[in-house]
Amino acid sequence: MEISLVRKRLRDSIEDARKNATARRAANQEAIAAWEQVLERVVTPLFQQVSQVLKSEGYAFRVITPAGTIRLSSERSADDYIEVGLDTSGPVPVVLARVNRTRGRERFNDELIVASGHAIPGLSEEKLLDLLTSILGPFLER
């Protein structure tokens, strides 16, 4: 194979990688800004409402807000929680729900995509409440 052809293809590949990295950084910045607004306007108030209702029903849960995420955590076991946050490590930024639950010595971990890319700003209370109610079942078993 001719060296000029190899050089041309490698240069094209390098240029494509630079363009993709720039586009990904811009998409991540947009997603971070959108997530911060949704977290403040929608997610945090809903998690607080869910926590209050659970407490009134006899289930001890509290809301914790580490930087950029929110966690609904059982007061009985720090290892039992539902955490929602933005993940920008993939090709498209996504809002992930991380579920961690223990039962005896067994640990159960799961990750669910809540919203992806341009859908992040449109994340609604209804969609988030549907997700929470579907996840909470095992936490509420007595």
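Cut-off values and rules
- Residues numbered from 1 in each chain as written.
- Predicted model: local features only at pLDDT ≥ 70, side-chain atom pairs only at ≥ 80, totals over all residues.
- Heavy atoms only, no water.
- Phe/Tyr/Trp six-rings, centres within 6.5 Å; stacked < 30°, edge-to-face > 60°.
- Helix = DSSP H or I, 4+ residues; strand = E, 2+ residues; numbered from the N terminus.
- Buried < 20%, exposed > 50% of the residue type's maximum accessible area, 1.4 Å probe, protein only.
- Bend = angle between axes of the 7 residues up to and from the residue.
- Pairing = 2+ DSSP bridges.
- Axes fitted to C-alpha atoms, helices over the stretch in contact; angles between N-to-C directions.
- Contact = heavy atoms within 4.5 Å.
- Core = buried A, V, L, I, M, F, W, Y, C linked by side-chain atoms within 4.5 Å.
- pLDDT = per-residue confidence, 0-100.

Undergrad: Account for the packing of aromatic side chains, with residues named and values stated.
TA: Evaluated as defined, the whole model comprises 1 aromatic pair. Look at F61 and F139: their rings are 6.3 Å apart centre to centre, the planes differ by 80°, and that puts the pair in the edge-to-face class. Residue F61 is found in strand 1 (residues 61–64), and its partner F139 is found in helix 2 (residues 125–140); the two are separated by 78 residues along the sequence. We note that F61, like F139, is buried.

Undergrad: Now, about helix 1 (residues 3–56): what can you tell me, with residues and values included?
TA: The largest bend in helix 1 is about 50°, located at L39. Following helix 1 by one or two positions, G58 adopts a phi angle in the positive range, close to 95°.

Undergrad: Lay out the sheet that holds strand 5 (residues 106–116) in plain terms, naming residues and giving numbers.
TA: The 5 strands lie next to each other as 1-2-3-4-5, forming an open sheet whose pairing is antiparallel. Only two strands of the sheet have a single partner each, and these edge strands are strand 1 and strand 5. Across this sheet, the average inter-strand angle for adjacent strands is 20°, counted without regard to direction. Relative to strand 5, strand 4 (residues 94–103) is paired through 10 bridges, and the arrangement is antiparallel. Bridge pairing in strand 5 links L96 to I113. Sheet strands touched by helix 1: strand 1, strand 2 (69–74), strand 3 (81–87) and strand 4. Its angle to strand 2, the strand with the most contacts, is close to 20°. On top of the sheet, helix 2 reaches strand 1, strand 2, strand 3, strand 4 and strand 5; it is set at about 15° to strand 4, its chief contact.

Undergrad: Lay out the nonpolar core with the relevant residues and their values.
TA: In terms of nonpolar packing, the biggest core is built from 29 residues, with W35, V43 and F47 touching the most fellow members. Contributing elements (two or more residues each) for this core: helix 1, strand 2, strand 3, strand 4, strand 5 and helix 2. Residues in contact with F47, not counting those within four places in the same chain, are V63, I70, R71, L72, I82, V84, L128 and L132.

Undergrad: Please set out the confidence of the model for the protein chain residue by residue, giving values where relevant.
TA: Per-residue confidence for the protein chain averages 92 on the pLDDT scale, and 99% of its residues sit at or above 70. No element of the protein chain has a lower mean pLDDT than strand 5, at 91, and none a higher one than strand 3, at 95.

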